[in-house]
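Coordinate inspection notes
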Amino acid sequence: MVGRPEAEWDGAAVRAWLDSRVAAARADQVAAERHGWERRVDCDKSAAEEMVCAALASEAASASQVAFLQELRRLLERDNYVWRGVYDDGRFDRHARTYLRKLARMARANAGFENTRRYQ
C-alpha cells in the first residue's frame with residue numbers, strides 16, 4: 001500500500017487499530033495454546049504483538065505522529081521485554097522488535113491503520 005503523506009494523523013483511528021490488534025493477538029494466543037507445544041512460536045509472536053500494541057494504545061502515545069514515533073523509538077531502545085506466558089525470551093524479544101519496526105514504517109507512511117481485520 002502506498003503511504004498517504006497528505007492524510008492527517010488520526011489518533012483515534014490508530015488507537016482503534018491498536019485495540020483491534022490486541023484483541024486479535026489474544027485470540028491467536030488462545031488458538032496457539034490449544035495446539036500445545038508445537039505452536040509455541042506462534043504464541044510468542046502473538047504475545048509480542050499484544051505487548052507492543054498495549055504499550056502504544058494510550059491516548060498520549062497516539063495523539064500525534066511525532067509522539068507515536070517517539071514512543072516507538074523509546075520502546076525499541078529497551079534492552080529486553082518482559083511479558084506473561086512467553087516460551088522463549090530471546091524469540092519474544094526478536095518478535096517484539098520486528099513488530100515495533102513494522103509499526104514505525106506504518107507510522108512514518110501514515111498508512112495501514114485503517115485495516116482492522118483480524119488477519120493481516
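Preceding this section is the structure that the text describes.
So, how was this worked out
Within any chain, residue numbers begin from 1 and follow the written order of that chain's sequence. Whole-chain, interface and lining totals are the exception, using all residues; otherwise, since this is a predicted model, local features are given only for residues with pLDDT of at least 70 and side-chain atom pairs are given and counted only at 80 or more. Side-chain figures throughout are based on the complete set of non-hydrogen atoms in the structure, without hydrogens or water. Residues grouped as a nonpolar core are buried Ala, Val, Leu, Ile, Met, Phe, Trp, Tyr and Cys residues, joined through side-chain atoms within 4.5 Å. Note on exposure labels: buried denotes an accessible area under 20% of the residue type's maximum, exposed denotes more than 50%, and partly exposed covers the range between, all computed with a 1.4 Å probe on protein chains only. Each helix corresponds to a stretch of at least 4 residues labelled H or I by DSSP, and each strand to a stretch of at least 2 residues labelled E; elements are numbered beginning at the N terminus. Note on aromatic pairs: the rings of Phe, Tyr and Trp (six-membered ring only in Trp) are paired at centre separations within 6.5 Å, and the planes decide the class, stacked below 30 degrees, edge-to-face beyond 60, tilted for the rest. Take the residue count of a helix, subtract one, and multiply by 1.5 Å to get its expected span. Contact definition: two residues touch when any of their heavy atoms are within 4.5 Å. Any N or O atom pair separated by 3.5 Å or less is treated as a polar contact, with the protein-specific requirement of one donor-capable and one acceptor-capable atom, and with residues adjacent in sequence counted only for side-chain atom pairs. Pairs of cysteine sulfur atoms within 2.5 Å are what we label disulfides. Here a patch means residues that are over 30% exposed by relative accessible area and free of salt bridges, tied together within 9 Å if like-charged and within 5 Å if nonpolar (Val, Leu, Ile, Met, Phe, Trp, Tyr). In this description, accessible areas are obtained by the Shrake-Rupley approach with a 1.4 Å probe, and a residue is regarded as covered only by the protein chains that are shown. For salt bridges, the criterion is a side-chain nitrogen of Lys or Arg within 4 Å of an Asp or Glu carboxyl oxygen. Only four residue types enter the tally: Lys and Arg on the positive side, Asp and Glu on the negative side, with His and both chain ends excluded. One atom stands in for each charge, and that atom is NZ of Lys, CZ of Arg, CG of Asp or CD of Glu. A pocket here means an open set of points on a 1 Å grid, computed over the protein atoms alone, that has protein on both sides within 12 Å along at least five of seven lines. A cavity is instead a set of points where a 1.4 Å probe fits but cannot get out; residues with an atom within 4 Å of a point line either one. Grid points are joined across faces, edges and corners, and a volume is the space filled by probe spheres set on the points.

1. Here we look at the nonpolar core
Membership of the largest hydrophobic core comes to 25 residues, with the highest contact counts inside it found for Trp17, Val52, Leu56, Phe68, Leu72, Leu103 and Phe113. Contributions of two or more residues to this core are made by α1 (11-35), α2 (40-56), α4 (65-76) and α5 (89-109).

2. Let's talk about the packing of aromatic side chains
Aromatic rings in a pair are described by how distant their centres are and how their planes are angled relative to each other. Tallying each qualifying case throughout the model produces five aromatic pairs. Relative to Phe68, the ring of Trp9 has its centre 5.5 Å away and its plane inclined at 45°; by these criteria the two rings are tilted. Taken as a pair, Trp9 in the segment before α1 and Phe68 in helix α4 lie far apart in primary sequence, 59 residues in all. Both residues of the pair, Trp9 and Phe68, belong to the buried class. With 5.6 Å between their ring centres and 75° between their planes, Trp9 and Phe113 make a pair best called edge-to-face. A residue pair is termed long-range when its members are at least 10 positions apart, and Trp9 in the segment before α1 and Phe113 in the segment after α5 qualify at 104 residues. For Trp9, a relative accessible area of 13% gives the class buried. A relative accessible area of 6% means that Phe113 is categorised as buried.

3. Some remarks on α5
With 21 residues, α5 should cover 30 Å at 1.5 Å per step; its first-to-last C-alpha distance of 30 Å lies within 8% of that length. All of the buried residues along α5 are Arg91, Phe92, Asp93, His95, Ala96, Arg97, Tyr99, Leu100, Leu103, Ala104, Met106 and Ala107. The inward-facing, buried residues of α5 contact α1, α2 and α4. The backbone nitrogen of Gly90 has a side-chain oxygen 3.0 Å away, supplied by the residue at the start of α5, namely Asp88.

4. Quick look at the state of the cysteines
Here the structure, examined in full by the defined rule, presents zero disulfides. Here Cys43 is not disulfide-linked; the sulfur of Cys53 is the nearest cysteine sulfur, at 16 Å.

5. Digging into a positive patch on the surface
Among the surface-exposed residues, Arg73, Arg101, Arg105 and Arg108 lie close enough to one another that they form a single positively charged patch. If one sorts the elements of the positive patch by residue count, α5 sits on top with three residues. Within the secondary structure, Arg108 sits in helix α5.

6. A closer look at the layout of surface pockets
Space left empty within the atom packing is revealed by a probe, the size of a water molecule, rolled over the atoms. Each pocket or cavity is described by its volume, and for the largest pocket that value is around 330 Å³. Along its surface, the largest pocket is lined by twelve residues, and Arg21, Lys45, Glu49, Tyr99 and Lys102 are the ones closest to its centre. Within the residue set of the lining of the largest pocket, elements represented by two or more residues are α1, α2 and α5. Broken down by element, the residue count for the lining of the largest pocket peaks at four residues, all from α5.

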